[in-house]
Amino acid sequence: MDRTSLDALASGLKESGTPDREQVFRELREQGGSPVETIYVVARVFGMSHPEAKSAIYESPAWRDRGADWRRLQDEAAGSAGDCSR
């Protein structure tokens, strides 16, 4: 999904009033949104920073099962970045 579509989705969610955060997480996942897309939309809808939205998504029941994979991927990337500096 492109940024314009994500911005339109976030605007639509905000226009309908303050949505329930968990409902937004669940709907975006059910619609096939990626974690990155969900973080982007959630940050805009709820006025969160991207790090705050990232923490919130993986603490939510809708995405909790993906949190361990995400942290492992980040740890591997950080380890690879450290290997490049040698």
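Right above here is the structure, for reference.
Heads up: these notes are all about the structure in this document. (Residues numbered from 1 in each chain as written. Predicted model: local features only at pLDDT ≥ 70, side-chain atom pairs only at ≥ 80, totals over all residues. Heavy atoms only, no water.)

The next point concerns the side chain of glutamate 22. Among the structural elements, glutamate 22 can be located in helix 2 (residues 21-30). In terms of polar contacts, glutamate 22 uses its side chain to reach the backbone amide nitrogen of alanine 62, at 3.1 Å. Not counting chain neighbours up to four residues away, the residues in contact with glutamate 22 comprise Ser60, Pro61 and Ala62. (Helix = DSSP H or I, 4+ residues; strand = E, 2+ residues; numbered from the N terminus. Polar contact = N/O pair within 3.5 Å; in protein donor to acceptor, adjacent residues only side chain to side chain. Contact = heavy atoms within 4.5 Å.)

Note that alanine 53 resides in helix 4 (residues 50-59). Counting along the chain gives 28 residues from alanine 53 to phenylalanine 25, while the straight-line C-alpha distance between them is 10 Å. Beyond its immediate chain neighbours, meaning those up to four positions away, alanine 53 contacts Ile39, Val42, Ala43 and Met48.

What follows concerns the packing of aromatic side chains. Overall, the coordinates contain zero aromatic pairs when judged by the stated rule. For arginine 29, the ring lying beneath its charged end belongs to tryptophan 63, and the centroid distance is 4.7 Å. Above the face of the tyrosine 40 ring, arginine 44 is positioned so that its terminal group lies 3.8 Å from the ring centre. (Phe/Tyr/Trp six-rings, centres within 6.5 Å; stacked < 30°, edge-to-face > 60°. Lys NZ or Arg CZ within 6 Å of the ring centre and 35° of its normal.)

Now for the pattern of salt bridges. Counted under the stated rule, the structure contains four salt bridges. Across the pair arginine 44 and aspartate 7 runs a salt bridge whose closest N-O atoms are separated by 3.4 Å. Separated by 37 residues along the polypeptide, arginine 44 in helix 3 (residues 35-46) and aspartate 7 in helix 1 (residues 3-15) bring together distant segments of the chain. Between arginine 26 and glutamate 22 there is a salt bridge, with its nearest N and O atoms 3.8 Å apart. Here the residue arginine 26 and the residue glutamate 22 both occupy positions in helix 2, the gap between them amounting to four residues, near one helical turn. (Salt bridge = Lys/Arg side-chain N within 4 Å of Asp/Glu carboxyl O.)

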